[in-house]
Amino acid sequence: MTAIHIDACPICEGMKFTPFLACRDNLATYKNFSLVRCESCGFVLTQNFPDENEIGRYYDVPEYISHSDTQKGIVNLLYHFVRKLSLRSKAGLVKKVSGKTTGDLLDIGAGTGYFLNRMKTDGWKISGVEKSASAREYAEKKFCFTIHPPEYLPQLPECSQDIVSLWHVLEHLEKLNETMQIIHKLMKDNGTAIIALPNLNSVDARYYKENWAAYDVPRHLWHFSPDVMKILAEKHGFCITAFKPMYFDVFYISMLSEKNRGSSSLVGLLKGFVFFLRSLSGISKCSSVIYVLKKAGDC
Ligand SMILES: [Zn+2]
């Protein structure tokens with residue numbers, strides 16, 4: 001395997017890392033990967049992750065249901081039910097944070113296109129990029145619009161987007177800083193970026209430790225907390241204007257985490273409810289956080 005070894009922290013350039021956790025790939029290969037924490041800024045990353053040419057096989061599993069429509073089993077049934085509620089919530093958030101009912105919206109890591117389809121139906125002028133060819137084909141067949149490969153991004157005009165969204169995508173992208181630069185470049189001056197990420201400071205992450213499903217090694221290269229995300233945003237000329245909870249994620253993540261421990265989905269569902277109640281006391285305890293970013297000059 002050709003592994004990418006991170007020598008310098010992508011957030012602060014720090015060169016010293018301490019071991020954080022050893023996690024197993026519970027989907028594709030059952031191999032172990034090390035998570036390390038930057039001693040300077042606290043950023044946690046997957047060390048020695050597979051490079052661009054090799055990472056594909058770690059996604060090539062039926063269980064990777066983010067890219068599928070299978071409805072077998074309680075976890076998948078719940079996932080699809082929550083997706084419906086989640087699409088409604090995302091559309092509401094876009095309108096609220098942009099102050100617009102229509103506009104130009106770019107979704108990076110658009111997957112099978114459900115979010116873009118919802119926004120198109122609501123009257124937004126949509127564009128999307130997605131690395132997975134099978135996900136792009138699915139969207140084309142199901143929704144009759146084209147999602148482009150990532151190489152399309154530089155073709156979009158600068159300052160052209162009211163909204164740039166990344167729903168649980170940034171943690172997968174090897175080119176972290178370059179992606180933040182592209183987002184900044186493509187946003188209109190009063191535009192908004194919406195970035196949803198798992199939160200390693202959440203109550204469920206602290207409880208499950210190496211079995212926390214949202215570590216999802218080696219597919220998740222980077223593991224964010226609100227503090228570190230603030231540093232990354234400011235580094236690239238953004239300010240974070242709001243931190244929003246994604247309350248549903250904790251149920252799904254807890255069910256998968258219990259599965260990783262050899263327990264049942266039902267136990268995960270019940271524990272997820274407890275974690276959900278505990279997360280109501282503060283955004284830093286939520287399993288996933290949505291970061292709302294504006295360009296620094298617009299804050
Ligand atoms: Zn660092």
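Since the model is a prediction, treat every value here as computed from it, not as a measurement.

Asks: Help me understand the side chain of Asp51, please; the structure alone is not making it clear to me.
Replies: Of note, Asp51 is situated in the loop between β5 (49-50) and α1 (56-59). Buried charge Asp51 goes without a salt bridge, the closest partner of opposite sign being Lys131 at 8.7 Å.

Asks: Quick question: what am I supposed to make of the sheet that holds strand β7 (residues 125-129) here?
Replies: Picture the strands of a sheet paired through backbone hydrogen bonds; they go either parallel or antiparallel. Taken together, the six strands give an open sheet; going across it, the order is β7-β6-β8-β9-β12-β11, and neighbouring strands pair in mixed fashion. Each end of this open sheet is capped by a strand with a single partner; those strands are β7 and β11 (238-245). Strand-to-strand twist of the sheet, defined as the mean angle between neighbouring strand axes without regard to direction, takes the value 20°. Of the strands in this sheet, β6 (104-108), β8 (161-167), β9 (187-198), β11 and β12 (288-295) are in contact with helix α5 (residues 176-186), which crosses β9 at around 145°. In the packing of helix α7 (residues 226-235) onto the sheet, contacts are made with β9, β11 and β12, and the angle to β11 comes to roughly 150°.

Asks: Is there a simple way to think about the environment of Ser288 in this case?
Replies: The topology assignment puts Ser288 in strand β12. Between the C-alpha atom of Ser288 and that of Ser254, which follows or precedes it by 34 residues, the distance is 12 Å. What Ser288 contacts, discounting residues up to four positions off in sequence, is His168, Leu197, Pro198, Asn199, Lys244, Pro245, Met246 and Asp249. Here the side chain of Ser288 touches His168 through a polar contact of 3.4 Å, side chain to side chain. Looking at Ser288, its side chain comes within polar contact range of the side chain of Asp249, at 2.8 Å.

Asks: Help me understand the nonpolar core, please; the structure alone is not making it clear to me.
Replies: One broad trend across soluble globular proteins is that nonpolar side chains are buried collectively. With 40 residues, the main nonpolar core has Phe43, Leu170, Ile183 and Met229 as its most contacted residues. Elements supplying a minimum of two residues to this core: β3 (32-38), β6, β8, α5, β9, α7, β11 and β12. Core analysis: the second largest hydrophobic core is formed by 24 residues, Phe115, Leu116, Trp124 and Ile147 among them.

Asks: Sorry if this is basic, but what is going on with the coordination of the zinc ion here?
Replies: Listed as protein donors to the zinc ion are Cys9 (SG), Cys12 (SG), Cys38 (SG) and Cys41 (SG); their distances from the metal cover 2.2 to 2.3 Å. For the zinc ion, the four donor atoms in the first shell make angles of 100 to 114° at the metal, a pattern classed as tetrahedral. Positions of the donor residues of the zinc ion along the chain correspond to the pattern C-x2-C-x25-C-x2-C. Of the two residues, Cys12 sits in the loop between β1 (3-4) and β2 (17-24) while Cys41 sits in the loop between β3 and β4 (44-47), which places them 29 residues apart along the sequence. The class for Cys41 is buried, based on a relative accessible area of 18%.

Asks: Looking at this structure, I do not really get the packing of helix α8 (residues 249-260) against helix α9 (residues 265-279). What am I missing?
Replies: Packed helices, taken two at a time, are described by the angle their axes make and the gap between the axes. Put simply, α8 and α9 touch, their axes get as near as 7 Å, and they point 140° apart. Between α8 and α9, the angle falls in the class oblique. Handedness of the α8/α9 crossing: right-handed. For the pair formed by α8 and α9, the contact residues are Val250, Phe251, Ser254, Met255 and Glu258 on the first element and Ser265, Val267, Gly268, Leu269, Lys271, Gly272, Phe273, Phe275 and Phe276 on the second.

Asks: Would you explain the pattern of salt bridges in this entry?
Replies: Side-chain pairing between opposite charges can occur once the charged atoms of the two side chains come close. Using the criterion set out here, one finds 14 salt bridges in the structure. When the shortest N-O distance is used, the salt bridge between Lys95 and Asp122 registers 3.0 Å. Residue Lys95 is found in helix α2 (residues 73-98), and its partner Asp122 is found in the loop between α3 (114-121) and β7; the two are separated by 27 residues along the sequence. Look at Asp122 and you get partly exposed, because its relative accessible area is 23%.

Asks: Explain α7 to me, please; I cannot follow it from the model alone.
Replies: For an α-helix the count is 3.6 residues per turn, leaving residues at separations of three or four pointing the same way. For α7, every residue scored as buried is listed here: Pro226, Val228, Met229, Leu232 and Ala233. Mapping the buried residues of α7 onto a view down its axis gives an arc of 155°, with all of them on the same face. Where α7 is buried, its residues touch α5, β9, β11 and β12. Phi turns positive, to about 80°, at Gly237, one or two residues after α7.

Reading the values: rules and limits
Residues numbered from 1 in each chain as written. Predicted model: local features only at pLDDT ≥ 70, side-chain atom pairs only at ≥ 80, totals over all residues. Heavy atoms only, no water. Helix = DSSP H or I, 4+ residues; strand = E, 2+ residues; numbered from the N terminus. Buried < 20%, exposed > 50% of the residue type's maximum accessible area, 1.4 Å probe, protein only. Lys, Arg positive; Asp, Glu negative; His and termini not counted. Salt bridge = Lys/Arg side-chain N within 4 Å of Asp/Glu carboxyl O. Pairing = 2+ DSSP bridges. Axes fitted to C-alpha atoms, helices over the stretch in contact; angles between N-to-C directions. Contact = heavy atoms within 4.5 Å. Polar contact = N/O pair within 3.5 Å; in protein donor to acceptor, adjacent residues only side chain to side chain. Core = buried A, V, L, I, M, F, W, Y, C linked by side-chain atoms within 4.5 Å. Donors = N, O, S within 2.8 Å, 3.2 Å for Na, K, Ca; no water. Tetrahedral: all angles 85-135°; square planar, octahedral: opposite > 155°, others 65-115°. Parallel < 35°, antiparallel > 145°, perpendicular 65-115°, else oblique. Left-handed = near helix turned anticlockwise from the far one by under 90°. Arc of directions from axis to C-beta.

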